[in-house]
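So you can see what is in the structure, the chains are spelled out below.
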Amino acid sequence: MEINKITSSLLVALTLLSGCGETSITAQDQVKTNNEPTVPHFWPKLDIQIKPDVKVEKRVAELLATMSLEQKVAQTIQPEIRDITVEDMRKYGFGSFLNGGGAFPNNDKHATPQDWIAVAQAMYLASIDDSLDGSTIPTMWGTDAVHGHNNVIGATLFPHNIGLGAMHNPALIKEIAKVTAQEVMATGIDWIFAPTVATVQDDRWGRTYESYSEDPAIIRQYSHAIVEGLQGDPASGYFKDDNVISTVKHFIGDGGTEKGDDQGDNLATEQALFETHAQGYVGGLSAGAQVVMASFNSWHGVKSHGNQYLLTQVLKERMGFDGFVVGDWNGHGQVKGCSNESCPQAMNAGLDVYMVATPAWKPLYENTLAQVKSGEIALTRLDDAVSRILRVKIRAGLFDKPAPAQRKYANLTNIIGNDAHRAVARQAVRESLVLLKNNGQLLPLKTNQAFLLAGDGADNIGKQSGGWTITWQGTGNNNADFPGGHSIYGGIQERVVTAGGSIELAVDGNYQNKPDVAIVVFGEEPYAEGNGDIDNLEYQRGNKRDLALLKKLQADGIPTVAIFLSGRPLWVNSELNAADAFIAAWLPGSEGQGVADVILADDTGKAAFDFVGRLPFSWPATPTQTPLNFKDKNYQPLFKLGYGLSYARPSELNNDLNEVVVSNGQNIHTRVIFDRSAIAPWFVAVVEGETVRPMNSNTLQTNGLALRTLDRRVQEDSLQLTWLNDSATKFSLMNSFPEDLRTLTEAKASLQFDIKLLSVPPQRLDLSMECGEDCGGVISLVELVNSDSQEWQSIAVDLHCFTQQGVDFANLFSPFILRANKGVSVVVSDVNVVPQTAGSATMSCQN
């Protein structure tokens, strides 16, 4: 059955709570007599649906009074399933645990729902076994179910949030949340890390598709709906058998970082932080969300995991949030003065649960325990954190529910990916599609024609589902990993064959028989988080293979429909010009038949379903038109927020959109990699095989390489590297996420650095770059470095020399790697990428 739409427009400006129209804050507002900042009045005291309960508070107090210090600290530690055993749970009694993206029971990607339940059962029973830790407090399992239960083979996968935002249908959002909760409960899991309520302002961010819209009004309404769908609502009650604990994330401002940099700095004013980036919390917390996840990003240079003002004064005290705050994946380790193993600053700031992936959980537990004993963390702060955790567990019924294997949904075998759930996802796909072009009213297509399906997304469920799909990055999957799912080709094929038409699948467009119409499905490869960060919005910069396919079909005189798979709006003017019809399909998930439902005509030759999707984000007119603010008086995108054609509202789009990209290197600045120290996001590391050893002090020695800081111009502004053997040990300036440096290659840049030889001449001294698995390039420096001199030398290598070797500058992890033979010792400093210097470089590869 169709979920009826809410008829009121979500694009009407949001009426904020009392006082939100103020634009200035007085000094009196800002400072209390105790020197703590006063929370401005535009932050609201929320009317939260789940109210404090005297019985719940009495039970929290009684439990807390019986707990030892060790038991309390254990409640605040959340390790990952790959790093703990059932015996660890029995010994420590962790308050919770998680599985990260791509983590499965027994490390088996194809683990069955019964395998997931077995882990939940074992961990639960160990947590309530008081034989070692004296505690019977049940643990809880958290998971990233961000577009359905996306870690589990066979689960229903919904469109990613950006597609759901295009629907403008909070009623359907609530139904999607209900389905997700049921499938999660069917694997014995209590808690999900959703919804993401980021208000993305810069589409270069790799998490743009996790946002519903650039419009905070949409996010506020959606957040309220999804939390009710996950946890329950006033009418149906809360935390029944088919409900889970929800998490609104990431607090706060992750969608507004400078240049869309993942985990970067948000420089918005406080009022803009509230009006733009806090509306998802107003909606979600008002609906009763029990958990808030702290964000990786900073606000004006202060990491959110350590921001006492935002976590405690704003969120807990002013807004009235009485659930708990959980960290993100080792996010506490990014707080100034902290490491993954020790961070009292985070708990003192208001973090209640440390999400501590990797074996760092054990030293973190021990250090936190010691810090409470020493008074570095006040016992009252620990008690507050544990009280919040217990409150949520009691509200969610975890003390009263049976063990996971005995719960209602764990014993139903027809929950994961059932037909009813897939029907909801299929409806979501239909409503998420945005029609950008339909010249000559090519759509809908009659099914009795000869069809060509082309493009690498046509028969690829993994690509159409994007990141956070089975694996963290959504890579390494094939159609067999999606039992019950349908590719876009599969959905179209069913309809066409049934109607008596013909269909040919040719990814490269090389058809056997000339078709009546071609459908080309193409778009971004899957990615997640920082791996998706880019430096401008041009699609397939430097490698226009999909455009070539569209132009080939255009030259052959074949009417062509372009179906664009992406996690964000991108500059596709050339592709728009080369297609007769163009659909923004976002990342639709497992139910590709929803596309066929809309683009194919029914038996009468008319559309069974119209296009109802409208853009949740503005569409750029140029590759650099970001951020776009729909409230800006100079707002002039190619397609505005809310744009979308339909069969009922046809329109023609001229085929003369500007295709010229001006990139002459002007206004492109030098990218500094190392200046006295590695410049974020780069860091210094020694790499030996699969082991990465970051340099966290002024010396680092491994089996193969010794590093130490030296003074060149000022204190410790250079690094000495000495190779201790002839192994494959590498010195690397690297990043955990890929950087997009294509702008610098287009600006004819060179990699420049200073080097000083301290040893005998090297037999081997290689400079290399790495851009992922089996992606990189190597250049020998033996002939470039003057071996007869022990003075400083400046070396410059044209980036094009690396491009010729296959380095992908769109996904650069390590721009500067050195490797040498045993006994070689050099000092390096001042590593930069400098535009307009390739032609004069020490090594130039310009034609």
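Above: the structure in question.
Report follows, based on the coordinates.

1. Here's the deal with the pairing of strand β9 (residues 291–294)
Then, number 1: Here β9 shows a buried face lined by Val291 and Met293 and a second buried face lined by Val292 and Ala294.
Then, number 2: For strand β7 (residues 247–251) and β9, the ladder comprises four bridges, and the chain directions are parallel. By the bridge assignment for β9, Phe251 is matched with Ala294.
Then, number 3: Here β9 pairs with strand β12 (residues 324–326) via three bridges, running parallel. Its bridge partner being in β12, Val292 is matched across the sheet by Val325.

2. A word on the side chain of Thr469
Then, number 1: Here Thr469 shows up in the loop between α17 (461–465) and α18 (488–499).
Then, number 2: Thr469 gets classed as buried once you look at its relative accessible area, which sits at 0%.
Then, number 3: Only 2.9 Å separates the side chain of Thr469 from the backbone oxygen of Gly466, close enough to count as a polar contact.

3. Structural notes on the state of the cysteines
Then, number 1: This model, assessed by the stated rule, comprises three disulfides.
Then, number 2: Here Cys338 connects covalently by a disulfide to Cys343, the sulfurs 2.2 Å from one another. Linking Cys338 and Cys343, the disulfide has an S-S dihedral of approximately 65° and is accordingly described as right-handed. Cys343 matches Cys338 in its accessibility class, with the two residues each being buried.
Then, number 3: Sulfur-sulfur distance for the disulfide between Cys771 and Cys775 comes to 1.8 Å.

4. Here we look at helix α16 (residues 419–432)
Then, number 1: Taking 1.5 Å of rise per residue, 14 residues should cover 20 Å, and α16 covers 20 Å from first to last C-alpha, within 8% of that figure.
Then, number 2: Burial in α16 covers these residues: His421, Arg422, Val424, Ala425, Gln427, Ala428, Val429, Arg430, Glu431 and Ser432.
Then, number 3: Among the structural elements, α7 (161–167), α8 (170–185), β14 (434–438), β19 (581–586) and α21 (593–599) are those in contact with the buried residues of α16.
Then, number 4: For α16, the N-terminal cap is Asn418; the gap from its side-chain oxygen to the backbone nitrogen of Ala420 is 3.1 Å.

5. Some remarks on the sheet that holds β19
Backbone-to-backbone hydrogen bonds pair the strands of a sheet. The strands run either parallel or antiparallel.
Then, number 1: Overall, mixed pairing links the six strands, which are arranged β14-β19-β18-β17-β15-β16 in an open sheet. Each of the sheet's edge strands pairs with one partner strand only, and the pair in question is β14 and β16 (502–505). In this sheet, neighbouring strand axes are inclined to one another by 20° on average, regardless of whether the strands run parallel or antiparallel.
Then, number 2: Here β14 runs beside β19; their pairing, made up of four bridges, is antiparallel.

6. Description of the pairing of strand β22 (residues 683–688)
Then, number 1: Bridging between β22 and strand β27 (residues 730–734) involves five bridges; their strand directions are antiparallel. Each bridged residue has a counterpart across the sheet, and for Val687 the counterpart in β27 is Lys730.
Then, number 2: Bridge count between β22 and strand β23 (residues 691–694): four bridges; the pairing is antiparallel. Across the sheet, residue Glu688 finds its bridge partner in β23, namely Thr691.
Then, number 3: Turn length for the β22-β23 hairpin, with the two strands adjacent in sequence and antiparallel, is two residues, and the turn residue Gly689 shows positive phi of about 65°.

7. Let's talk about the packing of aromatic side chains
Then, number 1: Within the structure shown, the criterion is met by 26 aromatic pairs.
Then, number 2: Arranged with centres 5.8 Å apart and planes meeting at 50°, the rings of Phe564 and Phe582 form a pair that is tilted. Within this pair, whereas Phe564 is found in strand β18 (residues 560–565), its partner Phe582 is found in strand β19, the two being separated by 18 residues in sequence. The pair Phe564 / Phe582 is uniform in exposure class, with both members buried.
Then, number 3: Measuring from ring centre to ring centre gives 5.1 Å for Phe753 and Phe816, while their planes differ by 70°; the resulting arrangement is edge-to-face. Of this pair, Phe753 sits in strand β28 (residues 750–757) while Phe816 sits in strand β32 (residues 814–820), and the two are 63 residues apart along the sequence.
Then, number 4: Note on Phe753: relative accessible area 1%, which makes it buried.
Then, number 5: We classify Phe816 as buried; its relative accessible area is 0%.
Then, number 6: Geometry around Tyr124 places Arg407 over its ring, the cationic atom sitting 5.8 Å from the centre.
Then, number 7: Sitting over the ring of Trp792, Arg712 keeps its end group 4.0 Å from the ring centre.

8. Digging into the sheet that holds β23
Then, number 1: Taken together, the six strands give an open sheet; going across it, the order is β23-β22-β27-β32-β29-β30, and neighbouring strands pair in antiparallel fashion. The open sheet has two edge strands with one neighbour each: β23 and β30 (776–780). Sheet twist, expressed as the average angle between the axes of neighbouring strands with direction ignored, equals 25°.

9. Focus: the packing of α8 against helix α9 (residues 216–231)
Then, number 1: Where α8 contacts α9, the two axes come as close as 7 Å, and the packing angle between them is 35°. In this structure, α8 meets α9 at a crossing whose hand is right-handed. Of α9, the residues touching α8 (which contributes Pro170, Ile173, Lys174, Ala177, Lys178 and Ala181) are Gln221, Tyr222, Ala225, Ile226, Glu228, Gly229 and Leu230.
Then, number 2: Split into classes, the residues belonging to the contact of α8 with α9 amount to eight nonpolar, two polar and three charged.

10. Digging into the pattern of salt bridges
Oppositely charged side chains can form a pair if their charged atoms are brought close together.
Then, number 1: Under the criterion given, the structure shown has 41 salt bridges.
Then, number 2: Lys463 is the salt-bridge partner of Asp456, the closest N and O atoms lying 2.7 Å from each other.
Then, number 3: In this structure, the salt-bridge partner of Arg712 is Asp754, at a minimum N-O distance of 2.8 Å. You can see Arg712 sitting in the loop between β25 (705–710) and β26 (718–723) and its partner Asp754 sitting in strand β28, a full 42 residues away along the chain.
Then, number 4: Residues joined by salt bridges that share partners form a network here, namely Lys316, Asp352, Arg381, Asp384 and Arg388.

11. Section: the layout of surface pockets
Then, number 1: The computed volume of the second largest pocket comes to approximately 1200 Å³.
Then, number 2: What lines the second largest pocket is a set of 46 residues, and nearest its centre among them are Glu525, Arg742, Asp808, Ala810 and Asn811.
Then, number 3: Going through the elements one at a time, α17, α22 (742–746) and α23 (799–803) are the ones with two or more residues in the lining of the second largest pocket.
Then, number 4: Here the residues of the lining of the second largest pocket are counted per class, giving 14 nonpolar, 19 polar and 13 charged.

Scoring rules and cut-offs
- Residues numbered from 1 in each chain as written.
- Predicted model: local features only at pLDDT ≥ 70, side-chain atom pairs only at ≥ 80, totals over all residues.
- Heavy atoms only, no water.
- Buried < 20%, exposed > 50% of the residue type's maximum accessible area, 1.4 Å probe, protein only.
- Helix = DSSP H or I, 4+ residues; strand = E, 2+ residues; numbered from the N terminus.
- Pairing = 2+ DSSP bridges.
- Polar contact = N/O pair within 3.5 Å; in protein donor to acceptor, adjacent residues only side chain to side chain.
- Disulfide = S-S within 2.5 Å.
- Expected span 1.5 Å × (residues − 1).
- Contact = heavy atoms within 4.5 Å.
- Axes fitted to C-alpha atoms, helices over the stretch in contact; angles between N-to-C directions.
- Phe/Tyr/Trp six-rings, centres within 6.5 Å; stacked < 30°, edge-to-face > 60°.
- Lys NZ or Arg CZ within 6 Å of the ring centre and 35° of its normal.
- Left-handed = near helix turned anticlockwise from the far one by under 90°.
- Nonpolar A, V, L, I, M, F, W, Y, C, P; charged D, E, K, R; others polar.
- Salt bridge = Lys/Arg side-chain N within 4 Å of Asp/Glu carboxyl O.
- 1 Å grid on protein atoms, 1.4 Å probe; cavity = no way out; pocket = protein on both sides within 12 Å on 5 of 7 lines; lining within 4 Å.
- Points joined across faces, edges and corners; volume = space filled by probe spheres on them.

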